[in-house]
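# Architecture and fold: a report
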Amino acid sequence: MNIILFGPPGAGKGTQAEFIVNRFNVVQLSTGDMLRAAVAQGTELGRKAKAVMDAGELVDDAIILGIIGDRIGEPDCACGFILDGFPRTLPQAEGLDRMLAEKGLGLDAVIEVRVPDSELFARIEKRAAETGGARADDNAETLKKRLEVYHSQTAPVLPYYQEKGMLKTVDGLQAIDAVTAEIMKLLEG
Ligand code: AMP
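The notes below deal with the structure included here. In this text, all values refer to a predicted model and were calculated from it rather than measured experimentally.

Parameters at a glance
- Residues numbered from 1 in each chain as written.
- Predicted model: local features only at pLDDT ≥ 70, side-chain atom pairs only at ≥ 80, totals over all residues.
- Heavy atoms only, no water.
- Helix = DSSP H or I, 4+ residues; strand = E, 2+ residues; numbered from the N terminus.
- Rg over C-alpha atoms; globule rule 2.2 N^0.38 Å.
- Contact = heavy atoms within 4.5 Å.
- Areas by Shrake-Rupley, 256 points an atom, 1.4 Å probe, with all protein chains shown as cover.
- Lys, Arg positive; Asp, Glu negative; His and termini not counted.
- Charge placed at Lys NZ, Arg CZ, Asp CG, Glu CD.
- Expected span 1.5 Å × (residues − 1).
- Buried < 20%, exposed > 50% of the residue type's maximum accessible area, 1.4 Å probe, protein only.
- Arc of directions from axis to C-beta.
- Phe/Tyr/Trp six-rings, centres within 6.5 Å; stacked < 30°, edge-to-face > 60°.
- Near = heavy atom within 4 Å.
- Nonpolar A, V, L, I, M, F, W, Y, C, P; charged D, E, K, R; others polar.
- Salt bridge = Lys/Arg side-chain N within 4 Å of Asp/Glu carboxyl O.

The subject of this paragraph is the overall build of the chain. Scanning the chain from terminus to terminus reveals nine helices and five strands. Helices and strands in the chain line up, N terminus first, as β-α-β-α-α-α-β-α-β-α-α-α-β-α. Relative to the 2.2 N^0.38 estimate, which gives 16 Å for 189 residues, the radius of gyration of the chain is 16 Å and therefore close to what a compact globule would have. Taken along its principal axes, the extent of the C-alpha atoms in the chain is 40 × 40 × 30 Å. Considering only contacts within the chain whose residues lie at least 6 apart along the sequence, 73% involve residues at least 24 apart. Just so you have it, the chain exposes about 9,400 Å², and 52% of that area is on carbon and sulfur atoms. Charge separation in the chain, taken as the distance between the mean sites of 21 positive and 29 negative side-chain charges, equals 1 Å.

Next up, the structure:
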């Protein structure tokens, strides 16, 4: 099973991805986690990405497609994967389709976890407090920018999948386990 988990920063994509990984034995591919690992390792990619991430902007499509292309080709992805935080632009969505087609793969579902902006500020504040500010981009100012970017560049990807009949939306304002239950029902149904 190959799935996209879609939604704004703080919607709970990472949390829900973990549940899906455990249930369906797929691999979680979070471009944000991969970039943070590159930053922590001080690689060339990490050095390039850090300033962009700290500003709440998007890393270049070609770089992101390169990372995902390499990762999807690894053996552990053969059992399926859940994309968390990717694709974030239309060119990324189109690039993903090309890569999947080349590998004879497809997508089974695109699940949007919908949460209004007003709620996201409270959530990101909570995450920053819980993690001791581990993420440089978890603050109100950067979140404002990340949400602008989400609405201008990422949300336009939704109609792309809607037209393909693949888009399912869940209400991300519910309790975590209620969101999980809804996602499981969609994936099992
Ligand atoms: P996330 O952990 O998904 O919130 O991602 C943190 C940051 O990493 C984002 O604000 C972007 O700067 C960068 N990033 C993660 N995934 C992508 C992507 N698919 N395309 C462009 N930039 C990304």
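Over its 13 residues, helix α5 (residues 90-102) extends 19 Å from the first C-alpha to the last, a length consistent with the 18 Å expected when each residue adds 1.5 Å. Of all the residues in α5, the buried ones are Q92, A93, G95, L96, M99 and L100. The arc that holds every buried residue of α5, seen down its axis, measures 165°, which confines them to one face. Summarising the geometry of α5, the exposed residues directed more than 90 degrees from the buried face are R98, A101 and E102. Positive phi appears at G104, one or two residues downstream of α5, with a value of about 70°.

All right, on to the environment of A140 then. Within the fold, A140 resides in helix α7 (residues 140-154). Judged by its relative accessible area of 48%, A140 is partly exposed.

Before going further, it helps to examine the packing of aromatic side chains. Overall, the coordinates contain two aromatic pairs when judged by the stated rule. Ring centres 6.2 Å apart and planes at 55° place the aromatic pair F6 and Y150 in the tilted group. In this pair, F6 is assigned in strand β1 (residues 2-6) and Y150 in helix α7, connecting sequence segments 144 residues apart. On the basis of relative accessibility, which here comes to 2%, the residue F6 falls in the buried class. Considering the side-chain rings of Y160 and Y161, the 5.1 Å spacing of their centres and the 85° angle between planes classify their relative orientation as edge-to-face. Among the residues examined, Y160 registers a relative accessible area of 19% and is labelled buried.

Around the ligand, the surrounding shell holds 16 residues, and the nearest of these are T31, R36, E57, G85 and Q92. In the complex, the protein chains occlude 97% of the 470 Å² of accessible area that the ligand would expose alone. Here the shell around the ligand gets four residues from one element, more than from any other, and that element is helix α2 (residues 31-41). For the shell around the ligand, a count of residues per class yields six nonpolar, four polar and six charged.

This model, assessed by the stated rule, comprises 16 salt bridges. Between E44 and K48 there is a salt bridge whose closest N-O contact spans 3.7 Å. Separated by four residues within a single helix, E44 and K48 lie in helix α3 (residues 44-54), roughly one turn from each other. Grouping residues by exposure puts E44 and K48 together as exposed. Sharing partners across several salt bridges, the network here consists of R127, R135, D137, D138 and R146.

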